[in-house]
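Spelled out from the first residue to the last, the chains are:
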Amino acid sequence: DEAVKRCQLFQELGADIVYAENLQSKSEYEYLRNCLSPSTSTMLAQVQLVPSNGDDGNDGKDGDGDDTNDKDDEFKSKQVLFSADEIGEMGYDLALYGVTALQSVVYALKETASDMLLDTNTSTSTSTNTSSTSSSKSGLVHHVPLTPFSELKESVGFAEAE
């Protein structure tokens, strides 16, 4: 309610765009939108965590089809990014994906480091993104998803530096 009051105040003051950060469910976003004038431009920020309580469009399953209460998946199971269509259907005009790409990169770096540093006696990955074996008794990492080197070089501008 405090966030709604602030947004209503910004609306009254003539803000060009109104948004509240870290709302916790789809219904909270819809409630906020319904409390504002239809003519007020609104933006949905995409950095929040949303509990898996059925209100977020999550069916209680994570990406691998298992229950979202897996031991290390608590954080991941709470992440919900709404699509542009869903955001529009909720009545929002804009979506702010601000640090979403950075969050994805940091997650990928941590998962890769974890997979590469597994105990050599471990036979399966700690990553939920893979179903294959990540290490063996030989200590070899069998599955770390990689971008082709030519694509990496192009993305970071190696060709321009050569």
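Nothing here was measured: the structure is a model prediction, and the numbers come from that model.

Visitor: Explain helix α6 (residues 149–156) residue by residue, including any values.
Guide: Of all eight residues that make up α6, zero are buried, and the element is exposed over most of its length. Once α6 finishes, Gly 157 follows within two positions and takes phi at roughly 85°, a positive value.

Visitor: Give a description of the nonpolar core that names residues and reports values.
Guide: Ranked by internal contacts, the top residues of the largest apolar core, which has 15 residues, are Tyr 29, Leu 32, Leu 44, Phe 82 and Tyr 92. Put simply, the parts of the chain that give this core at least two residues each are α1 (2–12) and α2 (26–35). Per-element accounting of this core gives the leading share, three residues, to α1.

Visitor: Help me get a handle on the pattern of salt bridges, residues and values and all.
Guide: Taken as a whole and assessed by the stated rule, the structure comprises one salt bridge. A salt bridge links Arg 6 to Glu 2, with the nearest nitrogen and oxygen atoms 3.2 Å apart. Of this pair, Arg 6 and Glu 2 are both found in helix α1, four residues apart, which corresponds to roughly one turn of the helix. By relative accessible area, which is 41% here, Arg 6 ends up partly exposed.

Visitor: Break down the packing of aromatic side chains for me, with residues and values.
Guide: Applying the stated criterion to the full structure yields three aromatic pairs. On the numbers, 6.0 Å between centres and 80° between planes, the contact of Tyr 29 with Phe 82 is edge-to-face. With Tyr 29 in helix α2 and Phe 82 in the loop between α3 (74–77) and α4 (84–89), this pair connects stretches of sequence that are 53 residues apart. Tyr 29 sits in the buried class, given a relative accessible area of 0%. Residue Phe 82 is classed as buried on the basis of its relative accessible area of 2%. Aromatic pair Phe 149 and Phe 158: ring centres 6.3 Å apart, planes at 65°, arrangement edge-to-face. The exposure class of Phe 149 is exposed, given its relative accessible area of 54%. The partly exposed category is assigned to Phe 158, whose relative accessible area is 36%. Aromatic rings pair up to connect Tyr 29, Phe 82 and Tyr 92 into one cluster.

Thresholds, definitions, all that
- In every chain, residue numbers begin from 1 and rise along the written sequence.
- It should be noted that, the model being predicted, local features are given only for residues of pLDDT at least 70 and side-chain atom pairs only at 80 or more, the latter also being counted only at that level, while totals for whole chains, interfaces and linings use all residues.
- Values shown for side chains rest on all heavy atoms present in the structure; no hydrogens or waters enter the calculation.
- In this scheme, a residue with accessible area under 20% of its type's maximum is buried, one over 50% is exposed, and one in between is partly exposed, where area comes from a 1.4 Å probe on protein chains only.
- Helix and strand assignments come from DSSP, with helices taken as H or I runs of at least 4 residues and strands as E runs of at least 2, each series counted from the N terminus.
- Side-chain atoms within 4.5 Å link the members of a nonpolar core, which is a set of buried Ala, Val, Leu, Ile, Met, Phe, Trp, Tyr and Cys residues.
- The salt bridge definition used is simple: a Lys or Arg side-chain nitrogen within 4 Å of an Asp or Glu carboxyl oxygen.
- Two aromatic rings from Phe, Tyr or Trp, using only the six-membered ring of Trp, form a pair when their centres are within 6.5 Å; if the ring planes differ by under 30 degrees the pair is stacked, by over 60 it is edge-to-face, and anything between is tilted.

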